[in-house]
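Here's the letter readout for the chains.
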Amino acid sequence: MDEVKSLVSAVRNGLAGLADPAKAPAMRAYMKSEMPYLGVQKPARAPLLKRLFAEHPLPDRVSFSTAVLTLWREAEFREERYAAVDLSGHRAYARWQDSDLLGLYEEMIVTGAWWDYVDEVAIRRVGPILRAEPETVTPLMLTWAYDEDLWRRRTAVICQVGAKTGTDTDLLTRAVEANIDDREFFLRKGIGWALREYAKTEPDWVRAFVTAHPALSTLSRREALKHLGG
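What you are looking at is a predicted structure, and each value in this text was computed from that prediction instead of being measured.

**Digging into the overall build of the protein**
Move 1: Within the protein one finds 13 helices and 0 strands.
Move 2: Secondary structure elements in the protein, listed N-terminal to C-terminal, are α-α-α-α-α-α-α-α-α-α-α-α-α.
Move 3: Computed over its C-alpha atoms, the radius of gyration of the protein comes to 19 Å, within 12% of the 17 Å expected for a compact globule of 230 residues.
Move 4: Oriented by its inertia axes, the alpha-carbon framework of the protein measures out at about 55 × 40 × 30 Å.
Move 5: Across the 230 residues of the protein, 53% fall into the buried class.
Move 6: Taking the intrachain contacts of the protein between residues at least 6 apart in sequence as the baseline, contacts between residues at least 24 apart amount to 70%.
Move 7: With an accessible surface of roughly 11100 Å², the protein has 51% of that area assigned to carbon and sulfur atoms.

This is the structure in structure tokens:
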């Protein structure tokens, strides 16, 4: 696929051209990343990718998925994976955002295994598909809520952040309850975040939920009630 090769090459070369070796070590340390950084921060990266994605359009679903996975799987620097995440949500390919992409997103979640990748994919990729195809995605999220993989579980908990009135409270409840006793920081923080965001829409529901679930960790409870005076 010439279009895929052209885009992937342009992204790699473009990022390399903006590399700042002086910034890379601090970025890597902050993210506790095994993969090195080029030192290209988002303010420089975002306009570059916007331009390159426009200059190298992908003609079909297969080339789109292939380009995302090539950037992801073959990445030598973390910024290349950020580019894969950005490409996966590019508005030019919104028509392909459906449950057929869940396998791709699952790979990114499990192999990315860190919050900077997972949160974007969970909330901005899986979440909209969940709301568009609840009959397909809800059972999957319920399965993920009990999965051995931490990041699948976090995805199940936070995938409705920002859904507002479109939140499936049964799914939210069951995802939280499945992980309420887990001491993992990213789950406890994720539970608090999910509840805090929904409290902006239904504060009384969240207050009642917290009251009804005394097993919530102190962190989860504090985050959930952060803007509710609790």
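The discussion continues.
**Describing unusual backbone geometry**
Move 1: Of note, Lys-32 is a non-glycine position whose phi angle comes to about 50°, a positive value.
Move 2: At Lys-164, a position not held by glycine, the phi torsion is positive, near 55°.
Move 3: Within the fold, Lys-164 resides in the loop between helix 9 (150–158) and helix 10 (169–179).

**Some details on the packing of aromatic side chains**
Move 1: Counted under the stated rule, the structure contains 12 aromatic pairs.
Move 2: An aromatic cluster of at least three residues, connected via ring pairs, comprises Tyr-37, Trp-72, Tyr-82 and Tyr-117.
Move 3: For the cation-ring pair, Arg-81 lies above Trp-72, with the distance from its terminal atom to the ring centre recorded as 4.1 Å.
Move 4: Of note, Arg-95 hangs over the ring of Trp-96, and the distance from its end group to the ring centre comes to 4.1 Å.

**What to know about the pattern of salt bridges**
Any two side chains of opposite charge can pair, so long as their charged atoms come close to each other.
Move 1: Tallied over the entire structure, the rule returns 17 salt bridges.
Move 2: Asp-182 is the partner of Arg-153 in a salt bridge, and the nearest nitrogen-oxygen pair spans 2.7 Å. Of the two residues, Arg-153 is situated in helix 9 and Asp-182 in the loop between helix 10 and helix 11 (185–199); the sequence distance between them amounts to 29 residues.
Move 3: The exposure class of Arg-153 is buried, given its relative accessible area of 13%.

**With respect to the environment of Met-27**
Move 1: Its place among the elements puts Met-27 in helix 2 (residues 24–31).
Move 2: With 38 residues separating them in the primary sequence, Met-27 and Ser-65 have C-alpha atoms 28 Å apart.

**Thoughts on the environment of Trp-193**
Move 1: Note on placement: Trp-193 falls in helix 11.
Move 2: It is 9.6 Å that separates the C-alpha atoms of Trp-193 and Lys-226, two residues lying 33 residues apart in sequence.
Move 3: Not counting residues within four places of it along the chain, the set of residues in contact with Trp-193 comprises Asp-119, Ile-123, Arg-154, Ile-158, Val-161 and Glu-223.

**A few points about the side chain of Glu-223**
Move 1: Structurally, the position occupied by Glu-223 is in helix 13 (residues 218–224).
Move 2: The exposure class assigned to Glu-223 is buried, which follows from its relative accessible area of 7%.

**Observations regarding helix 11**
For an α-helix, the turn length of 3.6 residues means that residues three or four places apart are oriented alike.
Move 1: With 15 residues, helix 11 should reach 21 Å at 1.5 Å per residue; the first-to-last C-alpha distance of 21 Å fits that figure.
Move 2: Across the 15 residues that make up helix 11, a large majority, 13, are buried.
Move 3: The N-cap of helix 11, judged by a side-chain oxygen 3.1 Å from the amide nitrogen of Phe-186 a few residues on, is Glu-184.

**Regarding helix 10**
Move 1: If you check which residues of helix 10 are buried, you get Leu-171, Leu-172, Thr-173, Ala-175, Val-176 and Asn-179.
Move 2: In this structure, the buried residues of helix 10 make contact with helix 7 (115–132), helix 8 (134–144), helix 9, helix 11 and helix 12 (203–212).
Move 3: Between the side-chain oxygen at the start of helix 10 and the backbone nitrogen of Asp-170 there is a gap of 3.0 Å, and the oxygen is on Asp-168.

**Focus on the side chain of Glu-133**
Move 1: Among the structural elements, Glu-133 can be located in the loop between helix 7 and helix 8.
Move 2: With no salt bridge to any partner, buried Glu-133 finds its closest opposite charge in Arg-61, at an N-O distance of 7.8 Å.
Move 3: Apart from the residues within four sequence positions on either side, Glu-133 is in contact with Asp-98 and Ser-99.

**Focus: the packing of helix 7 against helix 8**
Move 1: Helix 8 packs onto helix 7 with a crossing angle of 125° between their chain directions and a minimal axis gap of 6 Å. As far as their axial angle goes, helix 8 and helix 7 are oblique. Every pair of crossing elements has a handedness; the one defined by helix 7 and helix 8 is left-handed. Together, Val-126, Ile-129, Leu-130, Arg-131 and Ala-132 of helix 7 and Pro-134, Val-137, Thr-138 and Met-141 of helix 8 make up the contact between the two elements.
Move 2: Class assignment for the residues of the contact of helix 7 with helix 8 results in 7 nonpolar, 1 polar and 1 charged.

Definitions and cut-offs
Residues numbered from 1 in each chain as written. Predicted model: local features only at pLDDT ≥ 70, side-chain atom pairs only at ≥ 80, totals over all residues. Heavy atoms only, no water. Helix = DSSP H or I, 4+ residues; strand = E, 2+ residues; numbered from the N terminus. Rg over C-alpha atoms; globule rule 2.2 N^0.38 Å. Buried < 20%, exposed > 50% of the residue type's maximum accessible area, 1.4 Å probe, protein only. Contact = heavy atoms within 4.5 Å. Areas by Shrake-Rupley, 256 points an atom, 1.4 Å probe, with all protein chains shown as cover. Phe/Tyr/Trp six-rings, centres within 6.5 Å; stacked < 30°, edge-to-face > 60°. Lys NZ or Arg CZ within 6 Å of the ring centre and 35° of its normal. Salt bridge = Lys/Arg side-chain N within 4 Å of Asp/Glu carboxyl O. Expected span 1.5 Å × (residues − 1). Polar contact = N/O pair within 3.5 Å; in protein donor to acceptor, adjacent residues only side chain to side chain. Lys, Arg positive; Asp, Glu negative; His and termini not counted. Axes fitted to C-alpha atoms, helices over the stretch in contact; angles between N-to-C directions. Parallel < 35°, antiparallel > 145°, perpendicular 65-115°, else oblique. Left-handed = near helix turned anticlockwise from the far one by under 90°. Nonpolar A, V, L, I, M, F, W, Y, C, P; charged D, E, K, R; others polar.

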